[in-house]
Amino acid sequence: MSADQAQRLRELAKAADVKPSAGQPRKTSNSGCTSIAVTSGKGGVGKTTLSLTLAASLARLQKRVLMMDVDLGLANVHILLGIAPRYNISHVIAGECSIDQVVVEAAPGVYLVPGASGLEELANLDTARLERLRMAFMGLEDNYDYLLMDTGAGIGSAMTHFVKNSDLALLVMTPDPSSLADSYAMVKVLYEKGNVRVAVVVNMVSSEREGRETFDRLNTLVVRFLKKPVELYAILPADKEVHRLGRRQIQLADRGANSRFYDIASDLAKKISGYGASAGAAGGKSGFFSRFFGLSER
Ligand SMILES: Nc1ncnc2c1ncn2[C@@H]1O[C@H](COP(=O)(O)OP(=O)(O)O)[C@@H](O)[C@H]1O
Ligand SMILES: [Mg+2]
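Values in this document were obtained by computation on a predicted structure and should not be read as measured data. (Residues numbered from 1 in each chain as written. Chains lettered and ligands numbered in written order. Predicted model: local features only at pLDDT ≥ 70, side-chain atom pairs only at ≥ 80, totals over all residues.)

*Asks:* Honestly, the overall build of the protein chain in this entry has me stumped. Any pointers?
*Replies:* Across its full length, the protein chain holds 13 helices and eight strands. The buried share of the protein chain, taken over its 298 residues, is 43%. Considering only contacts within the protein chain whose residues lie at least 6 apart along the sequence, 80% involve residues at least 24 apart. (Helix = DSSP H or I, 4+ residues; strand = E, 2+ residues; numbered from the N terminus. Buried ≥ 20, exposed ≤ 12 C-beta atoms within 10 Å, placed from the backbone. Contact = placed C-beta atoms within 7 Å.)

*Asks:* Help me understand unusual backbone geometry, please; the structure alone is not making it clear to me.
*Replies:* Trans peptide bonds make up the majority, and among non-glycine residues the majority have a negative phi. Despite not being glycine, methionine 204 has its phi angle at roughly 60°, a positive value. As for its placement among the helices and strands, methionine 204 is situated in strand E7 (residues 197–205). Of note, lysine 227 is a non-glycine position whose phi angle comes to about 65°, a positive value. Its place among the elements puts lysine 227 in the loop between helix H10 (208–226) and strand E8 (231–237). For lysine 227, a count of 8 C-beta atoms within 10 Å corresponds to the exposed category.

*Asks:* How should I be thinking about the pairing of strand E4 (residues 110–113) in this particular structure?
*Replies:* In the case of a regular strand, side chains alternate between the two sheet surfaces. Residues Val110 and Leu112 line one face of E4 and the alternating positions Tyr111 and Val113 line the opposite face, and both faces are buried. When strand E2 (residues 65–70) meets E4, the two strands line up parallel, connected through four bridges. Across the sheet, methionine 67 pairs through a bridge with leucine 112, a residue of E4. Summarising the sheet, strand E3 (residues 104–107) and E4 pair through three bridges and their orientation is antiparallel. In the sheet register, valine 104 faces E4, and the bridge partner there is leucine 112. What sits between E3 and E4 in their antiparallel hairpin is a turn of two residues, with glycine 109 showing a positive phi close to 85°. (Pairing = 2+ DSSP bridges.)

*Asks:* What should I look at first to understand the sheet that holds E8 in this one?
*Replies:* Hydrogen bonding along the main chain pairs the strands of a sheet, whether they run parallel or antiparallel. Ordered in space as E3-E4-E2-E5-E1-E6-E7-E8, the eight strands form an open sheet in which the pairing is mixed. Every interior strand has two partners, whereas the edge strands, E3 and E8, have only one. Ignoring which end each strand starts from, the neighbouring axes of this sheet average 25° apart. Pairing between strand E6 (residues 168–173) and E7: six bridges, direction parallel. What sits directly across from leucine 171, in E7, is valine 200. Of the strands in this sheet, strand E1 (34–39), E2, E3, E4, strand E5 (146–151), E6 and E7 are in contact with helix H3 (residues 47–60), which crosses E5 at around 165°. Running over the sheet, H10 touches E6, E7 and E8 and is turned about 140° from E7. (Axes fitted to C-alpha atoms, helices over the stretch in contact; angles between N-to-C directions.)

*Asks:* What am I meant to see in H10 here?
*Replies:* The periodicity of an α-helix, 3.6 residues per turn, causes residues three or four places apart in sequence to face the same way. For H10, built from 19 residues, the straight-helix expectation of 27 Å at 1.5 Å per residue is met to within 8% by its first-to-last C-alpha distance of 26 Å. Taken residue by residue, H10 has Gly211, Thr214, Phe215, Leu218 and Val222 as its buried positions. What you see down the axis of H10 is that its buried residues fit within an arc of 90°, all on one side. Looking at H10, the residues exposed on the side facing more than 90 degrees away from the buried face are Arg209, Asp216, Thr220, Val223 and Arg224. Of the residues flanking the end of H10, it is lysine 227, one or two places downstream, whose phi is positive at about 65°. (Expected span 1.5 Å × (residues − 1). Arc of directions from axis to C-beta.)

*Asks:* What exactly am I supposed to notice about the environment of methionine 149 here?
*Replies:* With respect to the helices, strands and loops of the structure, methionine 149 is situated in strand E5. Sequence separation between methionine 149 and leucine 170 is 21 residues; the distance between their C-alpha atoms is 9.9 Å. Methionine 149 has contacts with Ile36, Ala37, Val38, Met68, Val70, Phe162 and Ser166, leaving out every residue within four places of it along the chain.

*Asks:* Where do I start with the nonpolar core in this structure?
*Replies:* One broad rule of soluble globular proteins: the nonpolar side chains tend to lie buried together. Ala55, Val65, Leu66, Met67, Val110 and Leu171 are the most contacted members of the largest nonpolar core, which has 74 residues in total. Here this core takes seven residues from H3, the largest share from any one element. In this structure, valine 110 is in contact with Ala55, Ala56, Ala59, Val65 and Met67, ignoring residues within four places of it in sequence. (Core = buried A, V, L, I, M, F, W, Y, C linked by C-beta atoms within 7 Å.)

*Asks:* Explain the confidence of the model for the protein chain to me, please; I cannot follow it from the model alone.
*Replies:* Any residue range with low pLDDT should be treated as having predicted coordinates unsuitable for detailed reading. Considering every residue of the protein chain, the mean pLDDT works out to 78; 73% of them sit at 70 or more. Here helix H2 (residues 20–23) is the element of the protein chain with the lowest mean pLDDT, 43, and H10 is the one with the highest, 97. With pLDDT under 50 throughout, residues 247–253 is counted as low confidence; its partners more than four residues away or in other chains account for 17 contacts. Contacts of residues 277–284 to residues separated by more than four positions or lying in other chains number 12 contacts, the stretch itself having pLDDT below 50. (pLDDT = per-residue confidence, 0-100.)

*Asks:* Even after reading the chapter, I still don't get the pairing of E5, so can you show me in this structure?
*Replies:* Counting buried positions over the six residues of E5 gives six, a clear majority of the element. What you see with E5 is no split at all: Tyr146, Leu148 and Asp150 on one side and Leu147, Met149 and Thr151 on the other are buried throughout. Inspection of the sheet shows E1 paired to E5 by five bridges, in the parallel sense. Note that in E5 the partner of threonine 34 across the bridge is tyrosine 146. Taken together, the six bridges between E2 and E5 define a ladder with parallel strand orientation. Considered in E5, the bridge of valine 65 is made with tyrosine 146.

This is the structure in C-alpha cells:
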C-alpha cells in the first residue's frame, strides 16, 4: 500500500467514525449565517472544486462551515470526499431520520449535507412534511457561520431558487466561448427573479489577462442589457495539479497547498469572511432557509 493510500484509509476511517449529532458545532458568535451559492451557467467549470477548496479555507479561518450538495442531478461531493453517507435529505423528508443524522463532518471544521436529493420534490410535499423539513433546516443554520451550497449548473427553477435566496452567488465561468452565453443567461435569471449579489469567479485561465477579458465580456453584456453590473471576485488559473487531485477523489480539495490555485482560493475565503462580517445575515436579514421556504423576503 502506498503512503497515499494509507493516508486515504486513515481519513476514511475518521470520516466513518464521526458521530454527526454529537460532533456538530455550536457557534459562539451571534452574527448569523452567511449563505453562499456556487453556481454556473454550464457544468464542468469547477464549482465543486471551488466549493470544497473554499470550505476548507474558511474552516482554516476558524469559521463553521456547512456545505450542502444541492447539485440535484449529479450530487458528487461525498464521492469526491470519499465518504458514503448513510442518510440524505430524502430520509428526513420521509421522517426516517433527523437532520443531525444527515450532517457529516467531512473534514475538520467542514460539515456536509450530502447529496440533497429529494429537495427537487419540494413543490409536491404535503404540509406536514414541508414543515418538518423547514424546522429541521432552520435549526441547523443557527450553528454555522457559512452555508456553502454547491449547486448544479443551469437556470432550472429548482436550482435558481437556491441561488436567488442566498446572500452571495459565486458565478463560476471559464474563458471557453460557450461559457459566456450561459453565464449571461444565469445572471439574467438571477437579476429578474431576485436581488442576490452576483460575484464572478473566472476559472481555468491561462493568464490573468485572459481572466480579465473573460469577465469584461460578460460584464459588458450584463451592463448593456440588464443595467446592473456584476463584480469580479477572483481569477483562478488552470492547474494540472487541481485536475489530478480531483480525479483521485481526494479527501479535501486543499491538499495541494503549494499551488497558485489554492493560494488564490484561500484569499477568496478571506474576502468572503470579510463580507460575512460586514454584510451577511448579520445585517438584519432573515436567514437563508426562511427565505428558501418562503417565510420571508430578503
Ligand atoms: N483550475 C482548474 N484547473 C484544472 N482543472 C480544474 C480546475 N478547476 C476544476 N478543474 C477540473 O475540472 C473538472 C470539473 O470540475 P468540477 O469542480 O467537477 O466542475 P463542476 O462542479 O462545475 O461541474 C474536474 O475534473 C476538475 O478537477
Ligand atoms: Mg459539481
